[in-house]
Amino acid sequence: MNAACHRRGITIAQFLQLRGHGTCTNSQSGYGKQDTPTTYVYQRTSADRAHRCSTGCRPQQALVRAQATTNAAVQAPPLPSALPQPPQLQQQQPQQQMHPLRGLYPSSQAHASGYLKVSELHSIYYELHGNSCGVPAVFIHGGPGAGCFPNHARFFDPHCYRIILLDQRGCGRSTPYGCLAQNTTADLVDDLELLRQTLGVQQWHMLGGSWGAALAIAYAQAYPHAVASLILRGVCLMRPSEIQWMYGGAAALKPLAWQQFIGLLDAKERTNPLLAYYKRLLSNDSNARQAAATAWIGWEMSVGFSNSQHMLLWNGEQWTAQQQAGQAPQQQQQQQ
């Protein structure tokens, strides 16, 4: 009880009154004061008995403090108004009205752009939007290989932020396009740091999703002093367990899309579709590369976004694609 009073900043008398156990009188309003000798008298009340019956705990006994010198009881001061009321007595606060989701900020034109040579082979493209004197913020695109677009600058308020967009090695307008040589995670991390130093940025906020989230985290680990904050979505750390789930485990969620994905492969290739697609995407045959790229992005989009065409419906006898199930009534009407 003493500990409870101490946490609330009230006297024992006030605590007992708040709990509704008996009456209490004292000569001092403070708690724990060393004043005149005192005598404590315990009185058990009906509230104590009810409390013991309902909880099975030792009853809180009423405390009467009498001043020894005068033997005169002084009534305890009233409870301060600041004490919290029991939950059942508190007035319910009106629920705040939820505001609709705000859209992206208005589109803007880049006020500066250029190429930064990051190696003997690679040059990366970058552009600047928003307030040239604003808070630096950089967008890290996903993929790998997606590239940046002007629409990515709309995540930031152009009046407050100095917005930095860049295409990673081999992506977008960076050169040479599609080149995988000298293109590792460590290389991309060093490119970000070189770009930060080139632009004279002390610290920047980093926004990234999917592969962009993984790259932003890798950069923050390498250069923590340069990161003001991380804003991440669709977090993927590229761990083996995540790769295995994406290209195997997720098939249980989207079986129709998975069948379309592996349908491009030969029977032997389907035992390791990730390796099979890697070889096809690096093939000298442009048609094979294009077909593999189309199937690859189709699978990733089906996992990342809801697509009714990839859902299966159970009609009581067999699983059918939703599109086929939707066409069945029309075919029946035509037959009739």
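To be clear, the structure that these remarks concern was listed above.
About the thresholds
Residues numbered from 1 in each chain as written. Predicted model: local features only at pLDDT ≥ 70, side-chain atom pairs only at ≥ 80, totals over all residues. Heavy atoms only, no water. Helix = DSSP H or I, 4+ residues; strand = E, 2+ residues; numbered from the N terminus. Buried < 20%, exposed > 50% of the residue type's maximum accessible area, 1.4 Å probe, protein only. Contact = heavy atoms within 4.5 Å. Areas by Shrake-Rupley, 256 points an atom, 1.4 Å probe, with all protein chains shown as cover. Arc of directions from axis to C-beta. Salt bridge = Lys/Arg side-chain N within 4 Å of Asp/Glu carboxyl O. Pairing = 2+ DSSP bridges. Right-handed = clockwise from strand over helix to strand, strands pointing away. Axes fitted to C-alpha atoms, helices over the stretch in contact; angles between N-to-C directions. Parallel < 35°, antiparallel > 145°, perpendicular 65-115°, else oblique. Left-handed = near helix turned anticlockwise from the far one by under 90°. Nonpolar A, V, L, I, M, F, W, Y, C, P; charged D, E, K, R; others polar. Phe/Tyr/Trp six-rings, centres within 6.5 Å; stacked < 30°, edge-to-face > 60°. Expected span 1.5 Å × (residues − 1).

Asker: Mind showing me how you'd approach the overall build of the protein here?
Answerer: Secondary structure summary: the protein contains 10 helices and 10 strands in total. Looking at the protein as a whole, 32% of its 336 residues qualify as buried. Sequence-distant contacts, at least 24 apart, represent 59% of the contacts inside the protein between residues at least 6 apart. Roughly 21500 Å² of accessible area belongs to the protein as shown, and the carbon and sulfur atoms make up 52% of that amount.

Asker: In this structure, what is going on with helix α8 (residues 273–281)? I would like to understand it.
Answerer: A turn of α-helix holds 3.6 residues, and therefore any two residues three or four places apart point the same way. Along α8, the positions that sit buried rather than exposed are Pro 273, Ala 276, Tyr 277 and Arg 280. Each buried residue of α8 lies within a common arc of 95° when the element is viewed along its axis, so the set occupies one face.

Asker: Please clarify how the pattern of salt bridges should be interpreted in this entry.
Answerer: Two side chains of opposite charge can pair, provided their charged atoms sit close to one another. Under the criterion given, the structure shown has 7 salt bridges. Glu 127 is the salt-bridge partner of Arg 173, the closest N and O atoms lying 3.7 Å from each other. With Arg 173 in the loop between β6 (161–166) and α4 (185–198) and Glu 127 in strand β4 (residues 123–130), this pair connects stretches of sequence that are 46 residues apart. Taking relative accessible area as the criterion, Glu 127 reaches 6% and is therefore assigned buried.

Asker: Help me understand the pairing of β6, please; the structure alone is not making it clear to me.
Answerer: Along a regular strand, successive side chains alternate from one face of the sheet to the other. A large share of β6 lies buried, amounting to 5 of its 6 residues. Pairing of β4 with β6 involves 5 bridges; the strand directions are antiparallel. Bridged to Glu 127 within β6 is Leu 165. When strand β5 (residues 135–140) meets β6, the two strands line up parallel, connected through 5 bridges.

Asker: I'm lost on the pairing of strand β8 (residues 227–235) in this one. Help?
Answerer: Examined bridge by bridge, strand β7 (residues 204–210) and β8 share 7 bridges and lie parallel to one another. Within β8, the residue paired with Trp 204 across the bridge is Val 227. What joins β7 to β8 is helix α5 (residues 211–222), and the crossover it makes is right-handed.

Asker: Just checking my understanding: could you explain the packing of α4 against α5 for this structure?
Answerer: When two helices pack together, you describe them by how their axes are tilted relative to each other and by the distance separating the axes. For the pair α4 and α5, the least separation of the axes is 10 Å and the interaxial angle reads 70°. Classified by the angle between their axes, α4 and α5 sit roughly perpendicular to one another. The way α4 lies across α5 gives a crossing that is right-handed. Together, Thr 185, Leu 188, Val 189, Leu 192, Glu 193 and Arg 196 of α4 and Trp 211, Leu 215, Ala 218, Tyr 219 and Ala 222 of α5 make up the contact between the two elements. Here the contact of α4 with α5 is built from residues that sort into 8 nonpolar, 1 polar and 2 charged.

Asker: I would appreciate a short explanation of the packing of aromatic side chains in the present structure.
Answerer: Here the distance between the centres and the angle between the planes together describe a pair of aromatic rings. Enumeration over the complete set of coordinates arrives at 13 aromatic pairs. Aromatic side chains Tyr 219 and Tyr 223 sit 5.3 Å apart centroid to centroid with 35° between the ring planes, which places their arrangement in the tilted category. Tyr 219 sits in the buried class, given a relative accessible area of 0%. Cluster of aromatic residues (ring-pair linked, three or more members): Tyr 247, Trp 258, Phe 261, Tyr 277, Trp 296 and Trp 299.

Asker: Would you mind showing me how to read α5 here?
Answerer: An ideal rise of 1.5 Å per residue puts 16 Å on 12 residues; α5 measures up with 17 Å between its terminal C-alpha atoms. Among the residues of α5, those classed as buried are Trp 211, Gly 212, Ala 213, Ala 214, Leu 215, Ala 216, Tyr 219 and Ala 220. In this fold, the buried residues of α5 make contact with β5, α4, β7 and β8.

Asker: When you look at unusual backbone geometry in this model, what are you seeing that I'm missing?
Answerer: Most peptide bonds take the trans form, and the phi angle of most residues other than glycine is negative. Following Gly 143, the chain continues to Pro 144 via a peptide bond in cis, the omega torsion being 0°. Mapped onto the elements of the fold, Pro 144 is located in the loop between β5 and β6. Between Thr 175 and Pro 176 the backbone carries a cis peptide bond, its omega angle lying at -10°. Tracing the chain through its elements places Pro 176 in the loop between β6 and α4.

Without other data, these values stay purely geometric and don't point to any function.
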